[in-house]
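The primary structure of each chain is shown beneath.
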Amino acid sequence: MATVGYEYSAEEPLNREPPVEDLVSSFFTESDGYDRNHGPIPHIDASEHIVRVDGAVENILELSVDQLHKDFEQHEVTPCQEESWYGGSIELERAMREDADVVLALEMNGNSLSPNHGYPVRVVAPGIAGARSVKWLDCITVQLRESANFYQQHDYKVLPPEAVDGESAKQYWHTVPAIQDMPVNSVVAVPKSGDTVAVSPDGTIPVKGYALPSGENGPVTKVEVSSDEGKTWNEADLISHPEDCENTKWAWILWRAAVKVEPGHPRYALDDIGPLA
Ligand SMILES: Nc1nc2c(c(=O)[nH]1)N[C@H]1C(S)=C(S)[C@@H](COP(=O)(O)O)O[C@H]1N2
Ligand SMILES: [Mo]
C-alpha cells in the first residue's frame, strides 16, 4: 500500500501532532496527523493476520481478523529501536473488567484503522498511557510478570532526578513501576505562547484548551483557569460532547473561558505542556 508522506523507517519513525489550536477545534480528531511510533509502520494483510492469546491460559486462542469482526459484539471507546518487536502490559484485572472498556480496535471514527494507527487490529486501553495500546497486535500473553519488552521495562517510567542520562538511568529502571493510569491533565491551546491577543471591552481574553481525566476517574466535570499564578481562579465552560458520543468517561473535554489579563502579562498560569505518554 503506498501512502504518500509517511515515514516507515526504524531510524526515523513517524511521530507528529497537529498544532494544538487545531487539535481543540473539534471533539473528534479528524485530522490524520497524530502519530506516535517507535519503529517502522508495517503493512499487514488482514486476511492472513492472526491474534494469538497464550501464556497462563487453559486454551490457546487464535483469532483471525474476520473472526474479530464477526464473532464478537463490536464496541466503541471514545478514546531507540533496540527491539525488533513492540509490547506492553496492563493488569489482567483491568483487561478483563467489562467497565474498563479495554478493546481490540478494528476501526477508528467509523473507518478501518489506517496502517499508522495499527491496521488491522490494535489494543485501546483507555485511561492508561498510550504506550500500552499496542498497534498491529499479533499476540496477547497472559503471564505472571510484565512484558520484558524494552518499552515496558526501559521507557515510560518516572525515574528519580539522579537519572540524568542513559548511563545513570540504567541502575533505576528496574526499581520504579511502569506508567499505567495517566494523571489528570489540562492544556491551554489558545492563545499559544507568544501570541498577541485583542482584549475584549470587559478586559478579558478568550482562552481555550482541553482536559483529560486521570486514569479511571473520568469524566472531567470542572476546569478552572488562573491568569495570576493561581491566586484567583475562573471556572471554564465545558463544551458539551457531541450527541452521538454516549460513553464520555474516558474522553477528553474541550473547554473555554474568558480570562482577565493585564496587558503585557508575561505568562499564563497553566503552561502549555502536553501529556507525555
Ligand atoms: N506496535 C506498536 N504499538 C504502539 C507503538 C509503537 O511504536 N509500536 N507506540 C505506542 C505509543 S507510545 C502510543 S502513544 C500509541 C500511539 O498511537 P497512535 O499513533 O494511534 O496515536 O501507540 C502505542 N502503540
Ligand atoms: Mo506514547
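Our subject is the structure that appears above.
What you see is a predicted model; the values in this text were computed from it and never measured. (Residues numbered from 1 in each chain as written. Chains lettered and ligands numbered in written order. Predicted model: local features only at pLDDT ≥ 70, side-chain atom pairs only at ≥ 80, totals over all residues. Heavy atoms only, no water.)

A.B. asks: Please set out the overall build of the chain residue by residue, giving values where relevant.
C.D. replies: From N to C terminus, the chain includes five helices and 13 strands. Looking at the chain as shown, the accessible area adds up to about 16,800 Å², and 51% of this sits on carbon and sulfur atoms. (Helix = DSSP H or I, 4+ residues; strand = E, 2+ residues; numbered from the N terminus. Areas by Shrake-Rupley, 256 points an atom, 1.4 Å probe, with all protein chains shown as cover.)

A.B. asks: Could you give me a rundown of the site of ligand 1, with the residues and numbers involved?
C.D. replies: In the vicinity of ligand 1 there are 16 residues, among which His 38, His 117, Arg 122, Lys 135 and Tyr 156 approach most closely. Contact between ligand 1 and His 38: an oxygen atom at 2.7 Å from a main-chain N or O atom of the residue. In the model, an oxygen atom of ligand 1 is placed 2.6 Å from a nitrogen or oxygen of the Lys 135 side chain. Coverage of ligand 1 by the protein chains reaches 90% of its 530 Å² of free accessible surface. (Near = heavy atom within 4 Å. Polar contact = N/O pair within 3.5 Å; in protein donor to acceptor, adjacent residues only side chain to side chain.)

A.B. asks: Provide a residue-level description of the sheet that holds strand β7 (residues 139–142), including the pertinent values.
C.D. replies: Strand order in the open sheet made by the three strands is β2-β1-β7, with mixed pairing throughout. Both edges of this open sheet fall to β2 (61–64) and β7, since each of them pairs with a single strand only. The mean inter-strand angle of the sheet, taken between neighbouring strand axes irrespective of direction, is 15°. As defined by bridge partners, strand β1 (residues 50–55) adjoins β2 across four bridges and the pair is classed as antiparallel. Across the sheet, the residue bridging to Val 53 is Leu 61, located in β2. (Pairing = 2+ DSSP bridges. Axes fitted to C-alpha atoms, helices over the stretch in contact; angles between N-to-C directions.)

A.B. asks: Talk me through the pattern of salt bridges; I want residue IDs and the actual numbers.
C.D. replies: Overall, the coordinates contain 12 salt bridges when judged by the stated rule. Of the charged contacts, one joins Glu 93 and Arg 97 as a salt bridge, the two residues approaching to 3.3 Å between their closest N and O atoms. On the basis of relative accessible area, Glu 93 is assigned to the partly exposed category, the value being 44%. Note on Arg 97: relative accessible area 25%, which makes it partly exposed. We note a salt bridge from Lys 170 to Glu 167, for which the minimum N-O separation is 3.0 Å. There is no split in this pair, since Lys 170 and Glu 167 are both exposed. Several salt bridges converge on common partners, so that one network encompasses Glu 93, Arg 94, Arg 97, Asp 99, Asp 181 and Glu 216. (Salt bridge = Lys/Arg side-chain N within 4 Å of Asp/Glu carboxyl O. Buried < 20%, exposed > 50% of the residue type's maximum accessible area, 1.4 Å probe, protein only.)

A.B. asks: Please set out the nonpolar core residue by residue, giving values where relevant.
C.D. replies: Counting residues in hydrophobic clusters, the biggest one holds 13 residues, and the most contacted among them are Val 207, Ala 211, Val 223, Val 225, Ala 236, Trp 255 and Val 259. Looking at this core, the element that brings in the most residues is strand β13 (residues 253–260), giving four residues. What Ala 211 contacts, discounting residues up to four positions off in sequence, is Asn 185, Ser 186, Val 220, Val 223, Trp 252, Ile 253 and Trp 255. Val 51, Leu 63, Val 65 and Val 123 belong to the second largest nonpolar core, which has 12 residues in total. (Core = buried A, V, L, I, M, F, W, Y, C linked by side-chain atoms within 4.5 Å. Contact = heavy atoms within 4.5 Å.)

A.B. asks: So what about the packing of aromatic side chains? Which residues, and what values?
C.D. replies: The final tally for this structure, using the stated rule, is four aromatic pairs. Centroid distance Phe 150 to Tyr 151: 5.0 Å. Interplanar angle 80°. Geometry classified as edge-to-face. By relative accessible area, which is 10% here, Phe 150 ends up buried. An aromatic cluster of three or more residues is present, and its members are Tyr 86, Phe 150 and Tyr 151. (Phe/Tyr/Trp six-rings, centres within 6.5 Å; stacked < 30°, edge-to-face > 60°.)

A.B. asks: Which residues make up the pairing of strand β9 (residues 204–212), and what are the values?
C.D. replies: By the bridge criterion, five bridges tie strand β8 (residues 185–190) to β9 in an arrangement that is antiparallel. Residue pairing in the sheet places Asn 185 in a bridge with Leu 212 of β9.

A.B. asks: Now, about the side chain of Ser 168: what can you tell me, with residues and values included?
C.D. replies: Counting through the fold element by element, Ser 168 comes out in helix α5 (residues 166–169). One polar contact links Ser 168 to Asp 165, side chain to side chain, over a distance of 2.8 Å. Excluding residues within four positions of it along the chain, Ser 168 makes contact with Glu 162 and Ala 163.

A.B. asks: Tell me what's going on with the environment of Gly 118, and back it up with residues and numbers.
C.D. replies: Mapped onto the fold, Gly 118 is located in the loop between β5 (111–112) and β6 (122–124). A C-alpha to C-alpha distance of 9.6 Å links Gly 118 and Glu 107, two positions 11 residues apart in sequence. Sequence-distant contacts of Gly 118, defined by excluding residues within four places in its chain, comprise Leu 113, Lys 135 and Trp 136.

Interpretation note: all reported values are geometric properties and have no functional meaning in isolation.
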